Amino acid sequence: MELGIIGLPKNGKTTVFSALTRGRTETSRSGGQSSKLTIGVDKVADRRVDTLVEMFHPKRVVQAEVRYVDIPWAPDSTGKSQGIGGEYLNALQRSDALLHVVRAFDEPSVPHIQGSVDPYRDADTINLELAFSDLAIIERRFQRLEADLKSSKAQEREASRREAALLTRLKEGIEKDVPIRKQELTAEDIKLISAYQFLTAKPMLVLCNIGEAQLPQAGKIEEEARQRLGNSRVLVATMCAKLEADLAQLPSAEEEEFRRSLEAGEPGTAKVTRLSYQLLGLISFFTTGPDEVKAWTIREGTPAVKAAGQIHSDIERGFIRAEVVSFDDLARCGGFAEVRRQGRLRLEGKTYTVKDGDVIEYLFNV
Ligand SMILES: Nc1nc2c(ncn2[C@@H]2O[C@H](COP(=O)(O)OP(=O)(O)OP(=O)(O)O)[C@@H](O)[C@H]2O)c(=O)[nH]1
Ligand SMILES: [Mg+2]
């Protein structure tokens, strides 16, 4: 899973990025001085993995990972409706979801480019830029389709006509301020436009970056932001990015102590991962053994045979059955012997829908 961090200049994107990746940067792709994408990885903390490790003492532990891309906002494009271009656009298009940082913190030493702090105005500005970008892509595609419509083959003309009709509908929606993610689309529509990676189609997590002094009001700020910006595909959270970035540098025992004394609540990384999984409809399943305990991330509703393909295409191809126990049952029993004795180990076939927290052993034959 890859999340692209966006937001106006000096809204705290890089601070959020450091908090989420604990300052561990994977790569930094640089194209000129002002344009720079930084990529980092957060290993998803999951208490279930910790329990499995205690139970199996494996040689290796593989946690799930979330990749974050810190995407600087090109300052001169803001408000000029030129749309987003180049590597920024590519990075945004590659993201599974957008992590939209809006500034609620007040800090006189860091003046806001608009002269005042207003998270809703900032959110509108960015959302408008995303809309411009989609409109520009649609416009370019229209030009191509027009040429295709003159094609000699009736079948191609028909396909182009259908696509043009859909794009016209999307365009009219965006112009009425309805992002694509809120428009009604059939599964076929979604397939047809998936290659365009429209930015307003992407699920979004709006992260309201609050100052330390606002921590006591975090709940209230979050609720208001949720009312104004949230829906099923736009989740909203508050985070004190500067504090979280500082806490992320500490050893975990100290971090917990500080967190408690500052009443800083759920760690920012945990909050963002939890909401991103929810936003993208992702769940985790686990494989265990003396060699390795590993967390796998899949979409909700994935059948066992497809989930097997994540591990290895051979297992998907040669699938015989899956032996499944829920994490809760396994933890309660303390090991597979007891799980079997209590009859909690289920034999499941190809079409079994994997549940969050399933511990799976695949039997296969190639
Ligand atoms: N007081 C306070 N300062 C913050 C907070 N978050 C970020 N800052 C400060 O605001 C400044 C800008 O933060 P960055 O994280 O660099 O913001 P950015 O969005 O990455 O900025 P650009 O990359 O320049 O667009 C830095 O000096 C941060 O220390 C916060 O929650 N509270
Ligand atoms: Mg930055």
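Use the structure listed above.
Predicted model, so just to flag it, every value in this text is computed and none were measured.

A. Examining the overall build of the protein more closely. When helices and strands are counted, the protein shows 14 helices and 13 strands. By its C-alpha atoms, the protein is 65 × 65 × 40 Å across when sized along the principal axes. Counting over 366 residues, the protein shows a buried share of 48%. A total of about 18900 Å² of accessible surface is found on the protein, and carbon and sulfur atoms cover 49% of it. Positive and negative side-chain charges of the protein, numbering 52 and 55 respectively, have mean locations separated by a distance of 4 Å.

B. Structural context of the environment of Asp177. Structurally, the position occupied by Asp177 is in the loop between helix H5 (154-175) and helix H6 (187-193). What makes Asp177 exposed here is its relative accessible area of 67%. In the structure, Asp177 is positioned 49 residues away from Leu128 in sequence and 8.6 Å away in space, judged by C-alpha atoms.

C. Examining the site of ligand 1 more closely. Neighbouring ligand 1 are 15 residues; Lys10, Lys13, Thr14, Thr15 and Glu107 lie closest to it. Contacts to ligand 1 include Lys13, whose side-chain N or O atom sits 2.8 Å from an oxygen atom. At a separation of 2.8 Å, an oxygen atom of ligand 1 approaches a polar side-chain atom of Thr14. Among the elements of the structure, helix H1 (13-21) and helix H8 (241-247) are those that each provide at least two residues to the shell around ligand 1. The greatest single-element share of the shell around ligand 1, amounting to three residues, is contributed by H1. Across the shell around ligand 1, the residue classes tally to six nonpolar, five polar and four charged.

D. Up close: the pairing of strand E3 (residues 36-43). With six of eight residues buried, E3 lies mostly within the body of the structure. With six bridges connecting them, E3 and strand E5 (residues 65-70) associate as antiparallel partners. Counted as the bridge partner of Asp42 is Val66 from E5.

E. Here's a closer look at the side chain of Ser95. Tracing the backbone shows Ser95 in the loop between helix H3 (86-94) and strand E6 (97-103). Among the polar contacts made by the side chain of Ser95, one reaches the main-chain carbonyl oxygen of Ala91 at a distance of 2.9 Å. When residues no more than four places from it in sequence are discounted, the contact partners of Ser95 are Glu2, Leu3, Gly4 and Lys202.

F. Quick peek at the packing of helix H4 (residues 119-149) against H5. Relative to each other, H4 and H5 sit at 155 degrees, their axes nearing to 10 Å. Accordingly, the angle class assigned to the pair H4 and H5 is roughly antiparallel. For H4 against H5, the interelement crossing comes out left-handed. Along the contact surface, H4 presents Ala131, Asp134, Leu135, Ile138, Glu139, Arg141, Phe142, Leu145, Asp148 and Leu149, while H5 presents Arg157, Ser160, Arg161, Glu163, Ala164, Leu167, Thr168, Leu170, Lys171, Ile174 and Glu175. Split into classes, the residues belonging to the contact of H4 with H5 amount to ten nonpolar, two polar and nine charged.

G. Structural view of the packing of aromatic side chains. By the definition in use, this model includes four aromatic pairs. A centroid spacing of 5.8 Å and a plane angle of 45 degrees characterise the contact between Phe56 and Phe336, whose relative ring orientation is tilted. One end of the pair, Phe56, is in helix H2 (residues 47-56); the other, Phe336, is in helix H14 (residues 336-341), with 280 residues separating them in the sequence. Centroid distance Phe285 to Trp296: 6.2 Å. Interplanar angle 15 degrees. Geometry classified as stacked. Of this pair, Phe285 sits in strand E9 (residues 282-287) while Trp296 sits in strand E10 (residues 292-299), and the two are eleven residues apart along the sequence. The burial state of Phe285 is the same as that of Trp296; both residues are buried. Between the NZ or CZ atom of Arg228 and the centre of the ring of Tyr120, over which it lies, the distance is 3.7 Å.

H. Up close: the pairing of strand E1 (residues 2-6). Most of E1 is tucked away: five of the five residues are buried. Of the two faces of E1, both are covered, the one formed by Glu2, Gly4 and Ile6 as well as the one formed by Leu3 and Ile5. In this structure, E1 lies alongside E5, joined through four bridges in parallel fashion. Across the sheet, residue Leu3 finds its bridge partner in E5, namely Tyr68. Note: E1 against E6, four bridges, orientation parallel. When the bridges of E6 are listed, Leu3 appears paired with Ala97.

I. Representation of the nonpolar core in the model. Residues Val16, Leu52, Tyr68, Leu99 and Val272 are the most contacted members of the largest nonpolar core, which totals 39 residues. Looking at which element gives the most residues to this core, the answer is helix H10 (residues 268-280), with five residues. There are two domains that each give this core at least three residues, and those are domain 1 (2-45 + 64-117 + 202-279) and domain 3 (301-364). Beyond its immediate chain neighbours, meaning those up to four positions away, Tyr68 contacts Leu3, Ile5, Phe17, Leu20, Thr21, Thr38, Ile39, Gly40, Asp42, Leu99 and Val272. Counting residues in each nonpolar core, the second largest holds 35 residues, with Ile6, Val69, Leu130 and Ile210 among its members.

Reading guide: rules and limits
Residues numbered from 1 in each chain as written. Chains lettered and ligands numbered in written order. Predicted model: local features only at pLDDT ≥ 70, side-chain atom pairs only at ≥ 80, totals over all residues. Heavy atoms only, no water. Helix = DSSP H or I, 4+ residues; strand = E, 2+ residues; numbered from the N terminus. Buried < 20%, exposed > 50% of the residue type's maximum accessible area, 1.4 Å probe, protein only. Areas by Shrake-Rupley, 256 points an atom, 1.4 Å probe, with all protein chains shown as cover. Lys, Arg positive; Asp, Glu negative; His and termini not counted. Charge placed at Lys NZ, Arg CZ, Asp CG, Glu CD. Near = heavy atom within 4 Å. Polar contact = N/O pair within 3.5 Å; in protein donor to acceptor, adjacent residues only side chain to side chain. Nonpolar A, V, L, I, M, F, W, Y, C, P; charged D, E, K, R; others polar. Pairing = 2+ DSSP bridges. Contact = heavy atoms within 4.5 Å. Axes fitted to C-alpha atoms, helices over the stretch in contact; angles between N-to-C directions. Parallel < 35°, antiparallel > 145°, perpendicular 65-115°, else oblique. Left-handed = near helix turned anticlockwise from the far one by under 90°. Phe/Tyr/Trp six-rings, centres within 6.5 Å; stacked < 30°, edge-to-face > 60°. Lys NZ or Arg CZ within 6 Å of the ring centre and 35° of its normal. Core = buried A, V, L, I, M, F, W, Y, C linked by side-chain atoms within 4.5 Å. Domains from an automatic or database assignment.

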